[in-house]
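Report on the structure
The residues making up each chain are set out below.
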Amino acid sequence: MHYCIVGAGLVGALTAKILVDEGINPSQIAIHETSHLLMPAWRNSDFGSYQALAGFHGFEMPRCEETVSLLSSLCTSSILHSYPTKRFLNIGSFIVPYSSPLDQWPADLSDGLSHDLERFSNPDSVIVNPSSYLFSHILNCFRRYNEDLKDAFPLFYPWFFPREYSFDPNSQDEGHRYQQQIRDLKLTPYYLSPSSFPQLADELFSALLQLGVSVHTGSNGLRLLEDESKSKILWTTNAYPLLNSVGKVVDGSTRYLSSFLFSIDKPPFINQSTFSEILVVNSRAPWLYRVSAASNIYNQFQLLAECISLTEEEPQVDSIHMVLKQIFPDYHFGYMGKTLPRQVKRFSDTDLRLMSAALEEITAANPRLIVAGPSWGPLNMAKAAPLARSVVDSCKS
Ligand SMILES: Cc1cc2nc3c(=O)[nH]c(=O)nc-3n(C[C@H](O)[C@H](O)[C@H](O)COP(=O)(O)OP(=O)(O)OC[C@H]3O[C@@H](n4cnc5c(N)ncnc54)[C@H](O)[C@@H]3O)c2cc1C
């Protein structure tokens, strides 16, 4: 049996490694990558004349153990460094730690919230009170995620809420359960990061090549579906092109991702502590969703502002600068540049259900095809190793 892995991303690379660990001869494993770049998410982007990672934050621990352990077994020379996860919220003009309880929130921010607490146990039945400070910002910002508040609300809830508002404890999503343990102070989170992600990507693929796995760049996985061979096709990337190829398109809506780089005159601190990221809902810059330092842990004199906007043109440097000045009033910032906007699709819950059903039909009609996920966009790296393992398990069954 031959195995054609579609996608030279982290999931594809780990799928190859697990197949080899399971005793498959590496010469029977080929990775097919449509672009000429391996591991695109780990490569630097152009910010005008500068180069940096566009929004990437390292391995969230302790939830990436399996991913990190598989990687470490391949990339022996890249050392992963550890640093604490310190996440803050910026809501309008306030900054609060991500896991603060209601009584530690400033009164203006928490006003009216405790009395509404019960209503938020079920996001489907949320009635937003537009006169509260928190909700006035949410109402100005939610469209960066979805047209419909109901579909966007789970992305705010409970990220921008005090600790008392919890993620669904029975959630199927490992990420939600993990975040809840952090908010309950049951886990001490930290990040792991290599000194260089591009170098880690190079090491990863040269280790796979040395094992005997072949890698074909410029090879579109959709073509494999048409050939006559009997090899298994392991689809480890976004499943949307599969729907497209059989005319089962679900339109969704389009958003644009872009990142802005700023220089800063001293290493950034909040409340006397270094921070890893600030999650933002601020009416002055409704498309600005995160300000981070962690991806620049080796260059403490830069900050990254990540945006999701409705149009290619939307983010304005002056508005981002204003928010940064609100957060760090004693600092001086210099704008360094931005990435070109990258299109991403956003889907409602109904769209996602339709797409999953269509994908099931496609895989039922083609027994050679195994799809990881399904994934419809970038995923947290904690999910990479379990996804790769589930692909390999499906090959066996
Ligand atoms: C800007 C950005 C920020 C991120 N920030 C974080 C973060 O903070 N924390 C975190 O944990 N994760 C983050 N991620 C996600 C993380 O980088 C990825 O989930 C991870 O690298 C795993 O990649 P992947 O294998 O899912 O997909 P990718 O790295 O996207 O790889 C999929 C590959 O499949 C290829 N491909 C697509 N279609 C075809 C086809 N038809 N035929 C052949 N090949 C095809 C693509 O070209 C690509 O190389 C971020 C990702 C991006 C892009």
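How each quantity is defined
Residues numbered from 1 in each chain as written. Predicted model: local features only at pLDDT ≥ 70, side-chain atom pairs only at ≥ 80, totals over all residues. Pairing = 2+ DSSP bridges. Helix = DSSP H or I, 4+ residues; strand = E, 2+ residues; numbered from the N terminus. Axes fitted to C-alpha atoms, helices over the stretch in contact; angles between N-to-C directions. Core = buried A, V, L, I, M, F, W, Y, C linked by C-beta atoms within 7 Å. Buried ≥ 20, exposed ≤ 12 C-beta atoms within 10 Å, placed from the backbone. Contact = placed C-beta atoms within 7 Å. Near = placed C-beta within 6 Å. Nonpolar A, V, L, I, M, F, W, Y, C, P; charged D, E, K, R; others polar. Domains from an automatic or database assignment. Parallel < 35°, antiparallel > 145°, perpendicular 65-115°, else oblique.

Within a sheet, each strand pairs with its neighbour through backbone hydrogen bonds, oriented either parallel or antiparallel. Within the open sheet, the 3 strands sit side by side as E5-E9-E6. Their pairing is antiparallel. Where the open sheet ends on each side, the last strands, each with one partner, are strand E5 (59-61) and strand E6 (80-84). This sheet shows a mean twist of 30° between the axes of neighbouring strands, independent of strand direction. Relative to strand E9 (residues 190-194), E5 runs antiparallel, the two sharing 3 bridges. Across the sheet, the residue bridging to phenylalanine 59 is leucine 192, located in E9.

The next subject is the nonpolar core. Ranked by size, the top nonpolar core spans 48 residues in total, and within it Leu234, Trp235 and Ala388 carry the most contacts. With near-sequence residues (within four places) excluded, leucine 234 lies in contact with Tyr3, Cys4, Ile5, Val6, Thr15, Ile370 and Val391. Counting residues in hydrophobic clusters, the runner-up holds 44 residues, among them Phe161, Leu261, Phe262 and Val291.

Once that is clear, we can look at the site of the ligand. Lining the immediate surroundings of the ligand are 30 residues, of which Gly7, Gly9, Ala41, Gly221 and Thr237 lie closest. For the shell around the ligand, the secondary-structure elements that each account for two or more residues are helix H1 (10-21), strand E2 (29-33) and helix H9 (221-224). No other element matches H1, which puts 3 residues into the shell around the ligand. Partitioning the shell around the ligand into residue classes produces 15 nonpolar, 13 polar and 2 charged.

It is worth spelling out the domain arrangement of the protein at this point. Under the domain assignment used here, the protein contains domain 1 (3-55 + 195-251 + 347-396) and domain 2 (100-184). Taking the mean C-alpha position of each, domain 1 and domain 2 sit 33 Å from one another. In this complex, domain 1 contributes 4 residues to the contact, which on the side of domain 2 involves 5 residues.

With that out of the way, let us pick up unusual backbone geometry. For residues besides glycine, phi is generally negative; the peptide bonds are generally trans as well. The omega torsion across methionine 61 and proline 62 is 0°, close enough to zero to call that bond cis. Of note, proline 62 is situated in the loop between E5 and helix H2 (65-74). Cis geometry is found at the peptide bond from tyrosine 157 to proline 158, where omega equals 0°. Mapped onto the fold, proline 158 is located in the loop between helix H6 (149-156) and helix H7 (174-183). Positive phi is not limited to glycine here, since methionine 39 has a value of about 50°. In this structure methionine 39 comes out as partly exposed when scored by C-beta crowding, with 19 C-beta atoms within 10 Å. For leucine 185, which is not a glycine, the phi torsion comes out positive at approximately 60°.

This part takes up the packing of H2 against helix H13 (residues 384-396). Taken N-terminus to C-terminus, the directions of H2 and H13 make an angle of 75°; their axes are 7 Å apart at the nearest point. Taken together, the axes of H2 and H13 are roughly perpendicular relative to one another. Facing H2, whose interface residues are Glu66, Thr67 and Leu70, H13 presents Ala384, Ala385 and Pro386. Residue classes in the contact of H2 with H13 are distributed as 4 nonpolar, 1 polar and 1 charged.

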